[in-house]
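# A look at the structure
Now for the letters of each chain:
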There are 2 protein chains.
Amino acid sequence: MSTLDSTLDLERFLPYRLNRVAAVLSEQLREVYGRKFGLTIPEWRVLATLAQLPRSTAREVGRHARLHKTKVSRAVQGLEERRWLSRAENPADRREEFLSLTPLGITTYRAIVPDMSAFEARLCAALGPDDTQAVRHALDRLEQVLGLDGTRPLDGSNGP
Amino acid sequence: MSTLDSTLDLERFLPYRLNRVAAVLSEQLREVYGRKFGLTIPEWRVLATLAQLPRSTAREVGRHARLHKTKVSRAVQGLEERRWLSRAENPADRREEFLSLTPLGITTYRAIVPDMSAFEARLCAALGPDDTQAVRHALDRLEQVLGLDGTRPLDGSNGP
DNA sequence: GCTTGTTAGTTACATTTTCAACTGTCATGG
DNA sequence: CCATGACAGTTGAAAATGTAACTAACAAGC
């Protein structure tokens, strides 16, 4: 099949395949939280992260959600404008602020979650239980190898 | 661990995990073809696709590499400016052009491929043979479920 | 020939993302 | 105290991307 000995077949190249699959899923998901709730991807991630880890700082949110600090900063602004998030300066270190979802933000989040869960459930149903498990295992390993499993130093970004 | 019953744990959410893994790989790869050769992601994909399928049209490249036609158009412009690619109008249908890599383009491609292959080889080595196989299987299934395995109608984009 | 509809590819414009420089705060060491 | 350097977060300008409208070419029916 190769025209050249040194040809790389994109269709078999793991990073490319991963990316393509992730891009399709991302796009489909954006239908849910984007079209329906007017959220950008970083905004949704910040929302979801704060629902899970209330009173995080922007830096912590970025580290957890793997968002560059500028994305976090702008997402926080957007969420704050919509009154879905509030800030509280940390008196012990006035450089940083604790971020929390407002009741309105929590309500929005709760309205989104079932859609997201349903989306994942459909995906898993299509895969079937064995292959769902296989996908999870593959991700476990990839995360370990890439140092994404939490046991890692981490530079504070996910590609800026 | 959940603060709310209706909390979605991002760390366990498949689309999010896939995305994060893909983002890290992408970022690391861009070090190779980006920093070293000044290529954008679409440019690299067009280059790789044309190395594999010479004399494709822009549309064919886009379909194969899953790039929106605007990305293909701009990538082709960029590659042409660098004299890595040339166009030849199809006389049978003057709307489309056959795209080919120039000798210079092929040289560049051949200079990149070993880096890419080495990158993948390192990844697979870190995973070990069994888990590499597991990752490939997981991707096979995901591609099937998402209709990315070539057996699909396809709308000509990968998210524009 | 002359519609009408479709397709390949480009371009214009708005939104997003990136990158670097910046502000204000903390920590350390003189 | 007051450097010096590090760090949290913000901002502006440049680059990339997404969307839609556009041009030019084909194709089918009249």
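For every chain, the first residue of its written sequence is number 1, and the numbers climb from 1 along that sequence. Naming scheme: in the order in which they are written, chains are lettered from A and ligands are numbered from 1. Only residues with pLDDT of 70 or above have their local features reported here, since the model is predicted, and side-chain atom pairs are shown and tallied only from 80 upward, although totals for entire chains, interfaces and linings are computed over all residues. Note: side-chain values were computed over all heavy atoms of the structure, leaving out hydrogens and water.

## Examining the overall build of chain A
Note the cut-off: A run of DSSP states H or I qualifies as a helix once it reaches four residues; a run of E qualifies as a strand once it reaches two. Both are numbered from the N-terminal end. Burial classes follow relative accessibility: with a 1.4 Å probe on protein chains only, a residue under 20% of its type's maximum area counts as buried, one over 50% as exposed, and anything between as partly exposed. Note on contacts: a residue pair is in contact if any heavy atoms of the two residues lie within 4.5 Å. In these tables, accessible area is a Shrake-Rupley quantity obtained with a 1.4 Å probe, and a residue counts as shielded only by the protein chains included in the view. In this tally, Asp and Glu contribute negative charge and Lys and Arg positive charge; neither His nor the terminal groups of the chain are included. The location of each charge is read from NZ of Lys, CZ of Arg, CG of Asp or CD of Glu.
Helix and strand counts for chain A stand at 6 helices and 3 strands. Secondary structure of chain A in N-to-C order comes out as α-α-β-α-α-β-β-α-α. Considered along the principal axes of its C-alpha atoms, chain A spans approximately 60 × 35 × 25 Å. Looking at chain A residue by residue over its 160 residues, the buried ones come to 51%. Relative to all contacts within chain A whose residues are 6 or more apart in sequence, the contacts with residues 24 or more apart total 55%. Accessible surface, chain A: about 8,100 Å² in total, of which carbon and sulfur atoms supply 50%. Across chain A, the mean location of the 24 positive side-chain charges is 4 Å away from that of the 21 negative side-chain charges.

## Some thoughts on the environment of Val21(B)
Relative to the elements of secondary structure, Val21(B) occurs in helix 1 (residues 14-35). Residues Val21(B) and Leu101(B), spaced 80 residues apart in sequence, show a C-alpha to C-alpha distance of 31 Å.

## As for the interface of chain B and chain A
It is common to give the size of an interface as the accessible area lost on bringing the parts into contact. Just so we agree on the cut-off: Accessible area that two parts lose when put together, evaluated with a 1.4 Å probe and summed over both, is termed the buried area. The working definition used for a salt bridge is a side-chain nitrogen of Lys or Arg within 4 Å of a carboxyl oxygen of Asp or Glu. Pairs of N or O atoms within 3.5 Å make up the polar contacts considered here, provided that, within protein, one atom can donate a hydrogen while the other can accept it, and that residues adjacent in sequence are counted only when both atoms are side-chain atoms. Note on residue categories: nonpolar means Ala, Val, Leu, Ile, Met, Phe, Trp, Tyr, Cys or Pro, charged means Asp, Glu, Lys or Arg, and polar means any other residue, Gly included.
With 64 residues of chain B in contact, the opposing surface of chain A contributes 62 residues. Three residues stand out in chain B for area buried against chain A, namely Leu14(B), Arg17(B) and Arg20(B), and they jointly supply 10% of the buried area on that side. Connecting chain B to chain A are 8 salt bridges. Of the charged contacts, one joins Arg20(A) and Glu143(B) as a salt bridge, the two residues approaching to 3.6 Å between their closest N and O atoms. Between the two partners, chain B and chain A, sit 27 residue pairs in polar contact (both at pLDDT 80 or more). Those elements giving two or more residues to the side of chain B that touches chain A turn out to be helix 1, helix 2 (41-52), helix 3 (58-65), helix 5 (103-127) and helix 6 (129-146) of chain B. Per-element accounting of the side of chain B that touches chain A gives the leading share, 16 residues, to helix 1 of chain B. Its residues assigned to classes, the side of chain B that touches chain A comprises 36 nonpolar, 13 polar and 15 charged.

## Some points on the packing of helix 1 (residues 14-37) of chain A against helix 1 of chain B
Cut-off, in case you're wondering: The axes are straight lines fitted to the C-alpha atoms, using for helices just the contacting stretch, and the angles between their N-to-C directions are given from 0 to 180°. By definition in this entry, angles of less than 35 degrees are roughly parallel, angles greater than 145 are roughly antiparallel, angles of 65 to 115 are roughly perpendicular, and the rest are oblique. Left-handed is the label given to a crossing in which the near helix is rotated counterclockwise from the far helix by less than a right angle, and right-handed is the label when the rotation is clockwise.
The N-to-C vectors of helix 1 of chain A and helix 1 of chain B enclose an angle of 135°; their axes lie 8 Å apart at closest approach. Classified by the interaxial angle, the pair formed by helix 1 of chain A and helix 1 of chain B is oblique. Relative to helix 1 of chain B, helix 1 of chain A is oriented so that their crossing is left-handed. Each of Pro15(A), Leu18(A), Asn19(A), Val21(A), Ala22(A), Leu25(A), Ser26(A) and Leu29(A) in helix 1 of chain A lies in contact with helix 1 of chain B, whose residues at this interface are Pro15(B), Leu18(B), Asn19(B), Val21(B), Ala22(B), Leu25(B), Ser26(B) and Leu29(B). In terms of residue class, the contact of helix 1 of chain A with helix 1 of chain B is made up of 12 nonpolar, 4 polar and no charged.

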